[in-house]
Amino acid sequence: MDLRRSSFYSTLDLVPQLENYASTLPHQKSRSRPSLEALRKAFDVRFSTSGNHISQQLVNIIGHEESQGPQEKAPVRFGWVTGVMMRCMLNIWGVILFLRLTWIISQAGILLTCLIILMSVTVTSVTALSISAIATNGRVISGGAYFMISRSLGPEIGGPIGMVFSFANALACALNTVGFAEVVRDLMEEFGVVMVDSVNDLRIVGVITVTVLLFISLAGMEWESKAQILFFTVLMVSFSNYFVGTFIPASLEKQAQGIFGYHSEIFMSNLKPDWRGPENNFFQMFAIFFPSAIGILSGANISGDLKDPATAIPKGTLMAIFWTTISYIAISVTAGSCVIRDASGNISDILSGNITDGCVGQGCKLGWNFTECIESNSCIYGLVLGQVSGLSHLITAGVFAASLSSALGFLVSAPKVFQCLCRDNIYPYIGFFAKGYGKNDEPLRAYILCYIIAVAFILIGELNIIASLISNFFLCSYCLINFSCFHASITNSPGWRPSFHYYSKWTALFGAVISVVLMFLLTWWAALITFSIIFFLFGYVNYNKPKVNWGSSVQAGTYNMALSYSVSLSGVEDHVKNFRPQCLVLTGPPNQRPALVDFVGSFTKHISLMICGDIITEQERQTRPPDATEWLVKWMNKRKVRSFYTPFSAHSLRGGARHLLQASGLGKLKPNTLVLGFKTNWRDSSSESIEDYINTIYDTFDSNYCLCILRMMDGLDIFDHLLCVISCNMTCLCNLKKKKKTNKTRVSVDDISDKCDSDQIKTVFQNDQGKKTIDVYWIADDGGLTLLVPYLLTRRKHWRSSKVRVFIVGDEQNMEEGRNEMVALLKRFRLDFNDVIVMTDSEKRPHAKNLSRFVDSVAPFRLHDEQQDGISVEDLRQSAPWKISDKEFEAFKLKSERKVRLNEIIRRNSQHAALVLVSLPVPQSDCPRALYMAWLDTLTCGLHCPAVLIRGNQQNVLTFYCQ
C-alpha cells in the first residue's frame, strides 16, 4: 500500500508508477491503475468510515497483487563490456583475420584492402547506428536482430528475416569451425599425422570441435561467458606478439620466407593489387572478407541476457567496431610493409653479390631470387601472418581463440534468435524449439538444431563457399535493420523516441540500399536465392495473418498514408466517373444479419467504402458485453468483410440513423448510400416502430442519400440461431477460464472466437450463382444507381457468369423502338447488358385476387372513418396518426394497383432469378406511412430470391462522356 501512493485528487487516483507501464512485457507482474468507472464511483470510498474498508476497496477495484513466490537465484546478466563489446570484438576478430587477411592483401594490395575494410565498416557502422536507435526505443528482450526488425516492421518482414538470420548465424558457426579445423589439420600434417585424408580430416576435426562448443553452450551462459573471456585474453596476447614481431630483425630463415621487417620498397610494391587467377577480383575479395564484419550483432543477439540492453548495445557495438577497425587496418599496413608477396622458404635462393639478371619479384631488391617459385606458382611463403610474430605458436593460439570464440558466439546467437521466432508462433511446426530451460531460459532444443545445421555445412569443408553464402544472408539482415530504422523515422510515429540520437534516417536508408547493391555485386545468384526465400516466407506470413500486434512502423506508415490521402482527397471535386456507392449499412450487430453484410460487401469490397452501423438503444447498452465491439470486428475480419464497424448509442432507430447519416465518414470517404434490411414483421410491430422505420427512409432522402432495402425470403435476422452460438461461446469461455486459471492470464476475445466459430453462417451471397440472372426493373430514372450496383456485382467471382436482364416500362406500339433506345443507352454506358425486356402490360389492372390480398393486408391499418358516424377524421387521427384514412386510400388507389401489378410481372418473370432489383418509389409527403410500407411489402413479396429496392438520389452516377 505504501508503493501505491494516492494523488491529492482522489484516494483511488494513484500517482504515476513504473509498474503500470510494464504490463506488456513477458514474465512481468503487472499492476493496473483504476478504471474511469472506478474513479467516477470513488464516492463509495470517500464516504467510507473505516480505513480498513478503504484498503479493501482499493484491492477490489485495482486488483489483487500476485503473491510472491519463493525467491529463485537471479539469472546471469552481462554489462556492456563483457556482454556486447568483448563478444562483438571476438566475433569480428574471426578466422578471416588470421587465415585470409594477408592473402587478401597479396591479391588486392594495401590500398584496396583498406578500402574493403572501410566499405565493410561503413555498412556495419551505419547498421550499428540503426541498431542503437531501435534498441533504445523501448525495452528490448531476447531475440536480438529478429526482435528489433519484427517489432519495427511487423511479422510479415520480421518472420522471414528471423528465419534467415538464425540460419545465417548457424552458417557462421560452421565457417569459423572450418577455419579452426583447417589450422589443426595443417598442424597435424606438419607432424605427419593423417587420420584419413586432407578433406576428411578437416571434417572430422570440425565435427569434434563444434560438438565440444555445443557442450559449453549447454552448460549455460555463465560458462560460455568465461570461455569468451579466456579467448579474449589469448587474442590480446597474440596481437601483442604480432606487433612485437614486426620490429624484431628478420633472420635468414625469415627472409627466405619473405619477411624483411619494415621497408619502404615492400610497402610501395604492396600498395597496388596483383590479382592471381581469373576468378579473383575486388568484389570476390570483399565477399571473402565481409563475413569478418558480421559479428556486430553478437551482443544484440543475446539482448535477453544483458543487464541494460538500451545502454549496452549502442556503447558496446560501436566501441567494438572502432577498435576492430583500427586493428584490421593496422595489421593490413604493417603486414604489407614487412612481408613480400612471394617467397620460397629456401635459404639457397639468396643472391650472391649484386647480380639480378633474370630475377623476378619483390625479393630481387632485397637480395633474394624467388623467380623459380614465382614462375611455377609454387611459392608457399610470402604474406603469412604467423611467421611475422615473435613466437609463431602464439599466433596459432590466436587463430584458435579467434575461430573458436566466433564459432561459440554464433552457436549461442542462432538458438536465441530462433527461440524468440518460435515463441511468436509465426510459422507452424517450429514451436517445439521455443521451450527454454533453467534460470536463463536456455533454448536447449534450438541448440541441438543449430548444431545439426552447423555439422551439415562443416561437412562441405570449403571456407570460401560458406563465406559467400553468409555474406548474402547477413547483408539481407543489415538491409532490413537499416530499413526498419528509416521507416520508423519517416513515419513520424509518436512512439518512435529512441534515446540514442546519433543516427539519421538518410544514413539508415543509405545502409539499406548499399546492402542490397552489395548483395548483387558479390554473388548475384545467391542474392536472388536469398530474396526468393524472403519473398516466399513473407507471402506465407502475409497470407496467414498472424494474430500479433506489435505497434510496428508499418501500421504508423499506413496511418500516415491514409491520413495524407484523405486530406488531399478532400480538396478534389467530385466527378461522376469516380462515383462509388459508399454504403452506410444499418446491420445492427453484423453477425445477426450476415446476408445484409455479404450483399453490400459483394459490390463494395476493394471498390468503395462500407460502414456497418449498429444503433444501440439504452436497454441494449446495459446488456451489451464490454468487448462486443472487438468481437464483432473480429467476426467481420474472419468473414473477410472490408468494412468499418460503428456502434452508436441512441434512443431510437431514427435518431441513431440521423446522426450516422450526418457524422459517418471522413472527408470524401463519406457514405452516400444507406442500406438497410426490410422490416418483414412490420404488420406485427408497434406503430412507433413502423413510424421509426419509415421516417428513417424519409430522412435518407432528405439527406440526399441513395437508398437500398434488401429483403430476403426468410428474413435477415438470425438472432434465434445465434442463441445457441452464444451458449457455445459461454461454454467455451468457461472452459478457457478454467484452463487459464493457473496462468492467471486474461481470456481474450481471440481465444473465444478461435474456439467457437460456428456463427460464421453461410449466406446465398457467398454461393456461386452460376448461369442465373440478375433482373433489374428500372422503373424510374434515378441517375443510374439501379444499373451500377448489378454491374459491380458481375465483377465478383460468384456473380461473373450471371446474366443481367433489364426490364423497362413501355407500350406495345413502340416496344421495339423503346428497347433499341435502352440498348443504345446501355452500350454508351459501356454496360454489357444486352437483354432488355419491355413490359408492355404494366398498365393493366392487377388480378382481383392479388388486389384483394393487398386490400386485406392494409385493412388493419385503415381508419375506416367514413363508416363511423359522429367521429371526425381529426379525432381518429389523434388516436392513430399513422393509419390510413378512406380518403387517402382512394387518392392513392391507382398507385397501389400499379404496385400490385408490378409485383405480378416480377413474380412471373423472375421466379428463377438469383437477384431482383426494383426501383424504389420515392414517398410523397402526404403518403401515409402504413400505406407506403404496404407498397414496399407488395413490390417484393412472393419471390424465392433476394430482392433489393434501390433508389439513387437523382444525380448521375453513370456517364458516357470522357470528361
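Residues numbered from 1 in each chain as written. Predicted model: local features only at pLDDT ≥ 70, side-chain atom pairs only at ≥ 80, totals over all residues. Heavy atoms only, no water.

- By the naming in an unreviewed UniProt entry, the chain goes by Solute carrier family 12 member 10, tandem duplicate 1 and is assigned to Seriola lalandi dorsalis.
- Taken directly from UniProt, the Subcellular location (unreviewed entry) text for the chain runs: "Membrane". (UniProt positions renumbered as here; feature names shortened; annotations may be inferred.)

1. Describing a nonpolar patch on the surface
- A grouping of Phe520, Trp524, Trp525, Leu528, Ile529 and Ile533 is seen on the molecular surface, where their side chains present a nonpolar patch of about 600 Å² in accessible area.
- Among the elements that take part in the nonpolar patch, helix 22 (residues 524–544) stands out by supplying 5 residues, more than any other.
- Mapped onto the secondary structure, Trp525 falls in helix 22.
- Among the residues examined, Trp525 registers a relative accessible area of 44% and is labelled partly exposed. (Patch = residues over 30% accessible without salt bridge, like charges linked within 9 Å, V, L, I, M, F, W, Y side chains within 5 Å. Areas by Shrake-Rupley, 256 points an atom, 1.4 Å probe, with all protein chains shown as cover. Salt bridge = Lys/Arg side-chain N within 4 Å of Asp/Glu carboxyl O. Helix = DSSP H or I, 4+ residues; strand = E, 2+ residues; numbered from the N terminus. Buried < 20%, exposed > 50% of the residue type's maximum accessible area, 1.4 Å probe, protein only.)

2. Comments concerning the pattern of salt bridges
- Taken as a whole, this structure holds 20 salt bridges when the rule is applied.
- Arg639 is the salt-bridge partner of Asp598, the closest N and O atoms lying 2.8 Å from each other. With a gap of 41 residues between them, Asp598 in helix 24 (residues 594–604) and Arg639 in the loop between helix 26 (628–638) and strand 5 (644–649) connect regions that are remote in the sequence.
- Owing to a relative accessible area of 8%, Asp598 belongs among the buried residues under this scheme.
- A relative accessible area of 9% means that Arg639 is categorised as buried.

3. Details of the pairing of strand 8 (residues 773–777)
- The buried fraction of strand 8 amounts to 5 of the 5 residues, a majority that puts the element mostly inside the structure.
- By the alternation rule, side chains of strand 8 split into Thr773, Asp775 and Tyr777 and Ile774 and Val776, which are all buried.
- Looking at chain direction, strand 8 and strand 9 (residues 803–809) are connected through 5 bridges and run parallel. Residue pairing across strands places Tyr777 opposite Phe807, the latter belonging to strand 9.
- With respect to chirality, the unit in which strand 8 leads through helix 31 (residues 785–793) into the neighbouring parallel strand 9 is right-handed.
- Examined bridge by bridge, strand 8 and strand 11 (residues 915–919) share 4 bridges and lie parallel to one another. Bridge pairing in strand 11 places Val776 opposite Leu917. (Pairing = 2+ DSSP bridges. Right-handed = clockwise from strand over helix to strand, strands pointing away.)

4. Looking at helix 7 (residues 144–153)
- Among the 10 residues in helix 7, 9 count as buried, and that is most of the element.
- Three or more residues of helix 7 are buried, namely Gly144, Ala145, Tyr146, Phe147, Met148, Ile149, Ser150, Ser152 and Leu153.
- In the stretch just after helix 7, Gly154 is the one whose phi turns positive, near 95°.

5. Thoughts on the environment of Ile216
- Tracing the chain through its elements places Ile216 in helix 9 (residues 198–218).
- Filtering out sequence-adjacent residues up to four positions away, Ile216 remains in contact with Trp223, Glu224, Ala227 and Leu408. (Contact = heavy atoms within 4.5 Å.)

6. Focus on the sheet that holds strand 4 (residues 610–616)
- Within the open sheet, the 10 strands sit side by side as 5-4-3-6-7-12-11-8-9-10. Their pairing is mixed. Among the strands making up the open sheet, the edge pair consists of strand 5 and strand 10 (835–839). Across the sheet, the mean angle separating the axes of adjacent strands is 20° when strand polarity is ignored.
- Packed on one face of the sheet, helix 36 (residues 893–909) meets strand 8, strand 9, strand 10 and strand 11 and runs near 165° to strand 8. (Axes fitted to C-alpha atoms, helices over the stretch in contact; angles between N-to-C directions.)

7. Considering the confidence of the model for the chain
- Residues at a pLDDT of 70 or more form 85% of the chain, whose mean pLDDT is 82.
- pLDDT under 50 marks residues 25–29. Its contacts with residues more than four places away, or in other chains, come to 8 contacts.
- Residue range residues 739–756 is modelled with pLDDT below 50. Its contacts to residues more than four positions away, or to other chains, number 28 contacts. (pLDDT = per-residue confidence, 0-100.)

8. Observations regarding the packing of aromatic side chains
- This model, assessed by the stated rule, comprises 30 aromatic pairs.
- Between the aromatic rings of Phe322 and Trp323, the centroid separation amounts to 5.0 Å while the plane-to-plane angle is 75°, which identifies the pairing as edge-to-face.
- We classify Trp323 as partly exposed; its relative accessible area is 43%.
- When the ring of Phe892 is compared with that of Trp935, the centres are 5.9 Å apart and the planes differ by 65°; the resulting orientation is edge-to-face. Placement of the pair is Phe892 in the loop between helix 35 (886–891) and helix 36 and Trp935 in helix 37 (residues 929–940), with a sequence separation of 43 residues. Neither Phe892 nor Trp935 differs from the other in exposure class; each is buried.
- One aromatic cluster is present, built from ring pairs that chain together Phe165, Phe410, Phe474 and Tyr478.
- The side chain of Lys226 reaches across the aromatic face of Trp223, ending 5.1 Å from its centre.
- Stacked on the ring of Tyr437, the Lys or Arg Lys435 has its end atom at 5.1 Å from the ring centre. (Phe/Tyr/Trp six-rings, centres within 6.5 Å; stacked < 30°, edge-to-face > 60°. Lys NZ or Arg CZ within 6 Å of the ring centre and 35° of its normal.)

9. A short note on the packing of helix 9 against helix 18 (residues 392–423)
- Orientation of helix 9 relative to helix 18, taken along the N-to-C sense of each, is 55°, at an axis distance of 10 Å. If you check the angle between helix 9 and helix 18, you find them oblique. You can see that helix 9 and helix 18 cross each other, and the crossing is right-handed. For the pair helix 9 and helix 18, contact is made by Thr209, Val210, Leu213, Leu214, Ile216 and Ser217 and by Leu404, Ala407, Leu408, Leu411 and Val412, respectively.
- Among the residues forming the contact of helix 9 with helix 18, the class breakdown is 9 nonpolar, 2 polar and no charged. (Parallel < 35°, antiparallel > 145°, perpendicular 65-115°, else oblique. Left-handed = near helix turned anticlockwise from the far one by under 90°. Nonpolar A, V, L, I, M, F, W, Y, C, P; charged D, E, K, R; others polar.)

10. Quick look at unusual backbone geometry
- In this structure, Asn704 takes a positive phi of about 65° despite not being glycine.
- Mapped onto the fold, Asn704 is located in the loop between helix 28 (687–702) and strand 7 (706–711).
- Judged by its relative accessible area of 39%, Asn704 falls in the partly exposed class.
- Residues other than glycine seldom take positive phi values, yet Arg830 does so here, at roughly 60°.
- Along the chain, Arg830 turns up in the loop between helix 32 (815–828) and strand 10.

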